[in-house]
Amino acid sequence: MDPTLYSAAVEGNTRDGKFLLADHLKRDELENGYQVTPKGNTVLHVASLYGHSHFVGEVLKITPALLCHQNKKNETALHIAANEGHSEVVRTLLSIAGEENKEILMRMTDDNGDTALHKAVRSRHQDVARLLVKEDPEFEYPSNKAGETPLYLAAESGLRDALVDILVSCNKPTLAAGPLNRTPLHAAVIHEHTDCARLLWQWNKSLCEEADVSGWNSLHYAVYLGLKEVVSDMLEWKKSLAYLPAGSENRWTTTFHIAASAGDENMINELLKYCPDCWEMLDSRDQNALHIAIFNNQYMLVNSLLKSTKWDSLADDADNDGNTPLHLLAASIYWAHVPVKLRENPRAKKMSFNKENQTPLDVALSCIKRTTNKETISDSLYRDFANIGRLGGRETPVNTPDEIDLQRENLKHAKERETEIKGIMSAAQIHLVVATLLVTVTFAAGFTLPGGFDGDSNSPNKGMAILTRKAAFRVFVITDVIAFACSAGAIFSYFIMAINHRPTSYQDLRILWALSRVASLLQLLAMLAVVIAFVTGIYATLAHSLGLAITVCTIGCLSFLLYMFVMYVVGREVA
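Thresholds applied
Residues numbered from 1 in each chain as written. Predicted model: local features only at pLDDT ≥ 70, side-chain atom pairs only at ≥ 80, totals over all residues. Heavy atoms only, no water. UniProt positions renumbered as here; feature names shortened; annotations may be inferred. Helix = DSSP H or I, 4+ residues; strand = E, 2+ residues; numbered from the N terminus. Buried < 20%, exposed > 50% of the residue type's maximum accessible area, 1.4 Å probe, protein only. Contact = heavy atoms within 4.5 Å. Polar contact = N/O pair within 3.5 Å; in protein donor to acceptor, adjacent residues only side chain to side chain. Salt bridge = Lys/Arg side-chain N within 4 Å of Asp/Glu carboxyl O. Axes fitted to C-alpha atoms, helices over the stretch in contact; angles between N-to-C directions. Left-handed = near helix turned anticlockwise from the far one by under 90°. Nonpolar A, V, L, I, M, F, W, Y, C, P; charged D, E, K, R; others polar. Core = buried A, V, L, I, M, F, W, Y, C linked by side-chain atoms within 4.5 Å. Parallel < 35°, antiparallel > 145°, perpendicular 65-115°, else oblique. Phe/Tyr/Trp six-rings, centres within 6.5 Å; stacked < 30°, edge-to-face > 60°. Lys NZ or Arg CZ within 6 Å of the ring centre and 35° of its normal.

- Under the annotation held in an unreviewed UniProt entry, the chain carries the name Protein accelerated cell death 6 and is attributed to Nicotiana attenuata.
- The UniProt entry for the chain carries this comment under Subcellular location (unreviewed entry): "Membrane".

See below:
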């Protein structure tokens, strides 16, 4: 493309000095055809990209044939403007197109099968999307090559207003299944756009019954993600939804199992509110919710469930392999941390054998034999299973390959977690010393203020700080208090870490990491505040010698440059 013409399109300049847009366009059309960029963009594409609606209008007055011209990706100027969210350019293009060409322009697709509305919705330009929908309400807006309709994309992006306009204005919006055979309701739920999900469900309630390629419907995902309002709406409409299986014909689970695997007690209570008997449901492996909670290390949930006696009966339910929840518990390396109520449950004393001819005690002992680090299983395991006993002459069978792999995986995760904990606690010990020193120093500085106190017995300000009126002194006092408070907060965080230094789940480990990060941040703020307090305190006492005061303060402030240098070096090493 001619540099002068390209620059004019970028800047939106139709006439400047010797340049006249009409002359360039007419000459190019006669001599060279339409000039394009390497991507095949015409001057109309370029002007639409940069949002110059006046330039677009002038171009179409001179060469209206450019309106439907496509670049190498088969995109029109309307595609470009919609993708960039230039609503004025979109209005200009549609108004100039007129009723006859407007439908053709809006329904043209690019190489991906996207219309201009697809582009606007995907790029989250809600005002452009609403404009396009109202301009062509008769079009169904079918799926693109990825299986995405504008309705699906609006639900996925959480564009509620655009979604409303599509549902209200479009006479026949396409409801074809999207990627992975998911409906727009799937997309809204999975991306946790609760408003959009409830809107779609109210518009077409049957959407919540449709399953994707994994066999999960919208309710299953809502339960998994803890979207209580959505779950409540769906179950109020049809309680039987809670009993629909999720998964394939040979391997499926239930909504209650999904809630148990996530450790979501609130969701479990919500399901029981509408379907009080769903706690008895089994999955394709005949496992109950207690099996799943133990298998996923949700011991806080298990402990909570067992507060009610109705859950006790689940403790000796056997799955397809004959394993009860107690068998799974015995195979867990977290035996010492599981709820005491489950370990002391009277049903645990029964002689229950799985298909490998093992009791829970057999499973526990076989785990110990193959565990190189015997300390990973608590000595309390022997006490808890002491009176289970074993039938005379029974040998402890070898575990199945699946059980062995599970035990190895559990042991690997436990060792990784223990290493992380040791690293965190070692660093915390060092940081605690620093935080304690900062608290001590800032506390002492608060009672030995720079400049001293007024000791004149006849003065009305007796006992008051002498430098109170100086701005530098006031900054010193404030920053000293900030340093003290932040250091005390860091010490408190380290204290909480110390009493919770043996987490029993990944969630607890994340809490430990969070406490460590909070303490480190507070300690960093305290160090910065201490430097400022030192500099301002020195300045307040040396203000009579301005040169010396400025020199000392400058040297003190170099510590900030040192901090930045250290962070820069660390950042480069990490990168």
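**Brief notes about the overall build of the chain**
For step 1, the next point in the chain: Looking only at helices and strands, the chain has 26 helices and four strands in total.
For step 2, the next point in the chain: Looking at the chain residue by residue over its 575 residues, the buried ones come to 46%.
For step 3, the next point in the chain: Taking as baseline every contact in the chain between residues at least 6 positions apart, the subset at least 24 positions apart corresponds to 72%.

**Thoughts on unusual backbone geometry**
For step 1, the next point in the chain: A positive phi angle, close to 65 degrees, is found at R124, a residue other than glycine.
For step 2, the next point in the chain: Mapped onto the elements of the fold, R124 is located in the loop between α7 (116-122) and α8 (126-135).
For step 3, the next point in the chain: Of note, the phi angle at N297 is positive, near 60 degrees, even though the residue is not glycine.
For step 4, the next point in the chain: For N297, the position within the fold is in the loop between α17 (289-295) and α18 (299-305).
For step 5, the next point in the chain: A relative accessible area of 19% means that N297 is categorised as buried.

**Points about helix α16 (residues 265-274)**
For step 1, the next point in the chain: Of the residues making up α16, those classed as buried are M267, I268, E270, L271, L272 and Y274.
For step 2, the next point in the chain: Those residues of α16 hidden inside the fold are in contact with α13 (218-225), α14 (228-237), α15 (255-262) and α18.
For step 3, the next point in the chain: At the N-terminal end of α16, a side-chain oxygen is found 3.2 Å from the backbone nitrogen of N266, two or three residues along, and the residue is D264.

**A closer look at the pattern of salt bridges**
Side chains that differ in charge, positive against negative, can pair when their charged atoms come close.
For step 1, the next point in the chain: Applying the stated criterion across every chain yields a total of 16 salt bridges.
For step 2, the next point in the chain: E103 serves as the salt-bridge partner of R107, at 3.9 Å between the closest nitrogen and oxygen. In this pair, R107 and E103 are both assigned in helix α6 (residues 87-107), four residues apart and thus about one turn of the helix distant.
For step 3, the next point in the chain: Its salt-bridge partner being K119, residue D110 comes within 3.1 Å of it at the nearest N-O pair. Take D110 and K119: they sit in the same class, and that class is buried.
For step 4, the next point in the chain: Salt bridges linked by common partners bring E75, D110 and K119 together as one network.

**Thoughts on the packing of α13 against α14**
For step 1, the next point in the chain: Closest axis-to-axis distance for the α13/α14 pair is 9 Å, and the angle between their directions is 145 degrees. Between α13 and α14 the crossing geometry is left-handed. Seen from α13, the contacting residues are S218, L219, A222 and V223; seen from α14, they are V230, V231, M234 and L235.
For step 2, the next point in the chain: In the contact of α13 with α14, the residues fall into seven nonpolar, one polar and no charged.

**Topic: the nonpolar core**
For step 1, the next point in the chain: Counting 100 residues, the largest nonpolar core has L78, L93, L132, L163, L185 and F256 as its most contacted members.
For step 2, the next point in the chain: Ranked by residue count, the leading element in this core is α6, at seven residues.
For step 3, the next point in the chain: Apart from the residues lying within four places of it in its own chain, the contact partners of L185 are A197, L200, W201, L207, C208, S218 and M234.
For step 4, the next point in the chain: With eleven residues, the next largest nonpolar core counts M425, A435, M497 and L512 among its residues.

**Thoughts on the packing of α13 against α15**
For step 1, the next point in the chain: Closest axis-to-axis distance for the α13/α15 pair is 8 Å, and the angle between their directions is 25 degrees. One element, α13, and the other, α15, form an angle in the roughly parallel class. Where α13 crosses over α15, the two elements pack in a sense that is right-handed. In this structure, α13 contributes L219, H220, V223 and Y224 to the contact, and α15 contributes T255, I258, A259 and A262.
For step 2, the next point in the chain: Across the contact of α13 with α15, the residue classes tally to six nonpolar, two polar and no charged.

**Quick look at the packing of aromatic side chains**
For step 1, the next point in the chain: Counting across every chain of the model gives six aromatic pairs.
For step 2, the next point in the chain: Their ring planes at 80 degrees and their centres at 6.4 Å tell us that W201 and W237 sit as a pair that is edge-to-face. Of the two residues, W201 is situated in helix α12 (residues 194-203) and W237 in helix α14; the sequence distance between them amounts to 36 residues.
For step 3, the next point in the chain: Overall, W237 belongs to the partly exposed group, its relative accessible area being 33%.
For step 4, the next point in the chain: Between the aromatic rings of W216 and Y221, the centroid separation amounts to 5.1 Å while the plane-to-plane angle is 45 degrees, which identifies the pairing as tilted. As far as the burial class goes, W216 and Y221 line up, both buried.
For step 5, the next point in the chain: Here a set of aromatic residues connected by ring pairs shows up, and it is made of W216, Y221 and Y224.
For step 6, the next point in the chain: Across from the ring centre of W201, 4.8 Å away, lies the NZ or CZ of K205, which sits over that ring.

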